[in-house]
Every structure is written in structure tokens, then in C-alpha cells.
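The residues making up each chain are set out below.
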Amino acid sequence: MIEALRRWLGRPRQPVIRSRQLLDWLEEASQGFLLLDRANRLQHLNGRARRLLGIGTEQVVKGRYLLEVVRCHQLEESVRKARAGDGRQRVSWTNSTVSPTPLHPEPIRSEPLEAIAIAGRDGSVGVFLQSRQSLQAQQDLHQRWVSDVAHELRTPLTALSLVTETLALNPDPKQEVQIERLQRELNRLQQLVADLLELNRLESSAAANRVESMARVEIRELASQAWQSFAPLAEQRSVELVIESSGSHPVRGNASRLHRALLNLLDNALRYSPNETSVEVRLLQEGRWERIEVRDSGDGFSPEDLQHMFDRFYRGDPSRSRGKRVGSGLGLAIVEQIAHAHGGHIKAKNHPDGGAVVQLSLPANKA
């Protein structure tokens, strides 16, 4: 025992990052950083944060409450939610023009800001701060480009689809397989264009911090309605839907967007479930969250899937798919955008008893 302890003590130690060194690195970071204690008092802010907020030195504001330093109730609410265990919180606002004051010796100019609040284990909260000015310009340019390209593709794809439909009416026996493949690829490209436009619309709404037509939505009913879209294909493959829930599961959201999210999750689960199995939807309430777990009966996610599955255009191993349908690679990226737009989040895992699980969490409507 003593000899083993000596050997352990003699091993090379891993370098330890000390708090002072970490703060020195953060001071030089290109992103603003604020550290709040459990009482919401400011303990540290780096140079970039001081410049964004018009603060001369850290000593002027250290120990003051967040709302004294940053006049943004949305940010304070986001910090509260993060500390309450609701995960990382993102908030956007525009700084109002303010003349110099003892607290803010440098004039604050009107500028769109974005912050992400992340809770620590001891009740502290770290807030990462950045300007949305250049980010917004880049995002606007990107969205315009995607929208223009998608719209330009629609016309030739429609024309090609009409040509292949005509060929399919009286096919040459030697060309039947090629025509069927061409139709399948054209359908995939048309779905890709539609998904790109949908993702673009979602990102535009998220950038404007809005979700249209918010109302009370019952998730169980919405899941049953979404499954009806796949009923013919599911019956053909003898795959049934099993919904496990107790009572009602209401959320406040846009029914059309949430319907689309459930469509994508169910489509993904059906695609990877073998014939004569089931797709399970489990609804449960945990605190202020409504959890929607969709589980397939397939082989589960690979390590690469778990790392990239919410990336755009990422498609898992096609050998896992139990049918000929091929997705655009945007389905789960769309679900992630819908989740974020509703103040929720999404994650994926493998079930201990087999199959893949995607969990969508949305704020519950307790009213």
C-alpha cells in the first residue's frame, strides 16, 4: 500500500489552471465576460465587457448588483433562470445611448448586444457578452444568400420533376430504374430546398427574437396529429406509435412550428426503426419543463452521430436506415432552431435498452 502510494506521488502531475491565470486569459479575450456571485453582485468583468458597457475600471463596479451596472431586466431574468437550473440562457437587447456618469465614465452608444449566462456549481453565474453589430450584418448576408439560392433552384427543379413524371407515364423498360432513381433524387433536392427556406425563416425569427402566433398547445394531441402523416408508411412496415403520458402536457408556443418539430422527430425515428417494431413518444413534466422523448427501435446513435447530429447537412450512416427515404440532413437542425425559438433545448442519447432517443424540452404552460 505504502509503495503504491509512493509510486502515485512520484508520477508527473497534470498542470493546474489557477484562478488568477484564468482571469488573465479572460482579460485578453475578444468576448466580454462578467462573473456574478450567488447574490447577483459583480465580482469580475474583463476589458472587452468594460468597453461594451462603457465602464472605466473594474473597481468602480465591483461588488455592485448586476442591474445597477447593466440596465437590462431581460439579462437579470436570464441569470436567474440559469442559476435555477434551466441550462444556459441566451438573451439579446440593445444598449440605450447614455451620457457619461460616475459609474459609466465612458459614453454608452446604442449597440445591439447578446449575452449567454451559464451557472456555476456554487451559485455563481458567468455571463459571456458580445456585440451583435457585425454578427447581424454577416447573418443578414448569409440569410439573403441562402434564400436567393433556394428560390433560384425551385424553378429548374420543378421543370425537371414535370419531365420525369412525363417519362414515368410510358417508361422504356430499360430506363425504369434510372427514372425511378431520378425521381427519388429530385424529390430529395426539392425537400432540401424547402428545408433550407424553412431554416432560413426560423433563423430570421430568432434574430428578431420573436415567435409568431403563440398560444397554448397540447403536446399529446400534436404528436398524434403528426404521426397521421406517416400512417400509410408506418402501416406498410407494421411500425406502431406508442405514446406514454399522464394527464395533459401543455406548452405555450406556435402550433405550426411545434407540429413541424414533431414531424421531423417522428420521421427520423420511423426511418431508423425496423419493421414490426414501434416508435415510442414519452411525455413527462420535470419542474418548469415539458420533456418530449422520441425513441426509435433501431441500433442507436454512433459516437459520430452524437457529436454531429444537429449539424446542418449531417446524415447518419445510411445503412442504419430501414427504408429508401433519405433525409436532407436539415431535419434535426430545424428542430433545434424551433426549440431555441421557444426558449427550450434539445439533446440526444442512446437508450439503455436499445434504440436512439431525442429529447425536446419546452417551457411548460402551467396557466
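The coordinates are above.
A brief report on the enclosed structure follows. (Residues numbered from 1 in each chain as written. Predicted model: local features only at pLDDT ≥ 70, side-chain atom pairs only at ≥ 80, totals over all residues. Heavy atoms only, no water.)

1. Focus on the overall build of the protein chain
Note the cut-off: Secondary structure elements follow DSSP: runs of H or I no shorter than four residues count as helices, runs of E no shorter than two count as strands, and numbering proceeds from the N terminus. Between buried and exposed lies partly exposed: a residue is buried under 20% and exposed over 50% of the maximum accessible area for its type, with that area taken using a 1.4 Å probe on protein chains only. Between two residues, a contact is recorded if the distance between any of their heavy atoms is within 4.5 Å.
Secondary structure assignment for the protein chain yields 13 helices and 12 strands. Looking at the 367 residues of the protein chain, the share that counts as buried comes to 41%. Taking as baseline every contact in the protein chain between residues at least 6 positions apart, the subset at least 24 positions apart corresponds to 63%.

2. Regarding the pattern of salt bridges
Definition in use: We count a salt bridge whenever a side-chain nitrogen from Lys or Arg sits within 4 Å of a carboxyl oxygen from Asp or Glu.
This structure, assessed with the given rule, holds 10 salt bridges. One salt bridge in this structure joins Arg-282 and Glu-293, with 3.4 Å as the shortest N-O distance. Pair noted here: Arg-282 is in strand 9 (residues 278-286) and Glu-293 is in strand 10 (residues 289-295), with a separation of 11 residues, a long-range link. On the basis of relative accessibility, which here comes to 36%, the residue Arg-282 falls in the partly exposed class. A salt bridge links Glu-286 to Arg-291, with the nearest nitrogen and oxygen atoms 3.0 Å apart. Residue Arg-291 is classed as buried on the basis of its relative accessible area, which comes to 13%. Residues joined by salt bridges that share partners form a network here, namely Glu-244, Arg-282 and Glu-293.

3. Description of the pairing of strand 11 (residues 345-350)
Applicable threshold: If DSSP finds at least two bridges between two strands, the strands pair.
By the bridge criterion, six bridges tie strand 11 to strand 12 (residues 356-363) in an arrangement that is antiparallel. By the bridge assignment, His-345 is partnered in strand 12 with Ser-361. The turn joining strand 11 and strand 12, which pair antiparallel and follow one another in sequence, is formed by five residues; a positive phi near 105° is taken by Gly-354.

4. A look at the sheet that holds strand 1 (residues 32-36)
The following threshold applies: A fitted line through C-alpha atoms serves as each axis, taken over the contacting stretch for helices, and the angle formed by two N-to-C directions is quoted from 0 to 180°.
Pairing is antiparallel across the open sheet formed by five strands, whose spatial order is 2-1-5-4-3. Every other strand in the sheet has two partners, leaving strand 2 (42-45) and strand 3 (89-95) as the edge strands with one partner each. Neighbour to neighbour, the strand axes of the sheet diverge by 25° on average, direction disregarded. Looking at chain direction, strand 1 and strand 5 (residues 125-131) are connected through five bridges and run antiparallel. Within strand 5, the position partnered with Gly-32 by the bridge is Leu-129. Against the sheet, helix 6 (residues 73-83) engages strand 1, strand 3, strand 4 (111-119) and strand 5, with an angle of about 170° to strand 3.

5. As for the pairing of strand 2
Pairing of strand 1 with strand 2, which is carried by three bridges, proceeds in the antiparallel orientation. Directly across from Leu-36, in strand 2, lies its bridge partner Leu-42. Where strand 1 folds back on strand 2, the antiparallel hairpin that results is connected by five residues, among which Asn-40 adopts a positive phi of roughly 70°.

6. A few points about the packing of aromatic side chains
Inclusion rule: Two rings from Phe, Tyr or Trp (for Trp, the six-membered ring) form a pair when their centres sit within 6.5 Å of each other. Planes less than 30 degrees apart are called stacked, planes more than 60 degrees apart edge-to-face, and all others tilted.
Tallying each qualifying case throughout the model produces two aromatic pairs. For the pair Phe-33 and Phe-128, a centre-to-centre distance of 5.1 Å together with 50° between the ring planes defines the contact as tilted. Pair noted here: Phe-33 is in strand 1 and Phe-128 is in strand 5, with a separation of 95 residues, a long-range link. Residue Phe-33 is classed as buried on the basis of its relative accessible area of 9%.

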